[in-house]
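Architecture and fold: a report
One letter stands for each residue in the lines below.
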Amino acid sequence: MAGGFPVFRLFAAASGSAVLVRFRMPDFSSNNADDEGHAHNQADRITGDLLDAMPSGCGPFTFIGALEGYPVGDILFDDTVTSAELWWAPTRYGSTWLVLGTSVDESSFWRLVNDDDDLNTLGAHRPAKRQRVTIIGTLAAQTN
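Residues numbered from 1 in each chain as written. Predicted model: local features only at pLDDT ≥ 70, side-chain atom pairs only at ≥ 80, totals over all residues. Heavy atoms only, no water.

**Looking at the pairing of strand S5 (residues 94-101)**
Definition in use: One requirement defines pairing of two strands: DSSP has to find at least two bridges between them. Numbering goes from the N terminus for both helices and strands, where a helix is a DSSP run of H or I of at least four residues and a strand is a run of E of at least two.
Pairing of strand S4 (residues 83-91) with S5 involves five bridges; the strand directions are antiparallel. If you follow Pro90 over to S5, its bridge partner there is Leu98. With antiparallel pairing between neighbouring strands as the criterion, S4 and S5 make up a hairpin whose turn holds two residues.

This is how it looks when you write it as structure tokens:
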């Protein structure tokens, strides 16, 4: 079985603010493409439901990018946190695949990214962007 990993999807709101949607990827069989496709459809539904629950007037939302894995900064795993100063940068896999996290400044952000083997292999490039984001969703274990 695969899945269960954290997913972070970053969106720009019409107002210029940003929203970070977080959840755990639904479980799927890595040997079954249909099962994996179904899990990705569920992930899209989770994302849509969370964005739809935002107060009226927040949308429409424009997708900026995503990280499927572990960002830098433990604060993003605290489900009681509803906003944070977020750093993000595109990777060599395209502008919609991001490394992201929290840090006191950009040099600290890059140091943390470079020290993380998984994030470092994504080939993120400078400069990183920083913005206060609203955080919605939960990383608590999900039941199917």
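**A look at the layout of surface pockets**
Empty space left among the atoms is revealed by rolling a probe the size of a water molecule over them. Using the following cut-off: Only protein atoms enter the calculation, which uses a 1 Å grid: trapped sets of points that fit a 1.4 Å probe without letting it out are cavities, open sets showing protein on both sides within 12 Å along at least five of seven lines are pockets, and any residue with an atom within 4 Å of a point is a lining residue. Grid points are joined across faces, edges and corners, and a volume is the space filled by probe spheres set on the points. All amino acids are sorted into three groups, where Ala, Val, Leu, Ile, Met, Phe, Trp, Tyr, Cys and Pro are nonpolar, Asp, Glu, Lys and Arg are charged, and the leftover types, Gly among them, are polar.
Its boundaries defined by the atoms lining it, the largest pocket holds a volume of some 210 Å³. When contributions to the lining of the largest pocket are tallied by element, the ones reaching two or more residues are strand S3 (61-68), S5 and helix H3 (117-120). With three residues, S3 is the largest single contributor of residues to the lining of the largest pocket. Residue classes in the lining of the largest pocket are distributed as eight nonpolar, two polar and three charged.

**Observations regarding the pattern of salt bridges**
Formally: In what follows, salt bridge is the name for a side-chain nitrogen of Lys or Arg lying within 4 Å of a carboxyl oxygen of Asp or Glu. Burial classes follow relative accessibility: with a 1.4 Å probe on protein chains only, a residue under 20% of its type's maximum area counts as buried, one over 50% as exposed, and anything between as partly exposed.
One pass over the full model with this rule turns up four salt bridges. The salt bridge partner of Asp44 is Arg9, with a shortest N-O separation of 3.0 Å. Placement of Asp44 in helix H1 (residues 33-52) and of Arg9 in strand S1 (residues 6-13) is noted, with a sequence separation of 35 residues between them. Exposure remark for Asp44: the relative accessible area of 44% places this residue in the partly exposed category. Its relative accessible area of 10% is what places Arg9 among the buried residues. Residue Glu85 pairs with Arg132 through a salt bridge whose shortest N-O separation is 3.2 Å. Of this pair, Glu85 sits in strand S4 while Arg132 sits in strand S6 (residues 129-137), and the two are 47 residues apart along the sequence. By relative accessible area, Glu85 is classed as partly exposed at 26%. With a relative accessible area of 44%, Arg132 lands in the partly exposed category. One network of salt bridges, in which partners are shared, links Glu85, Arg130 and Arg132.

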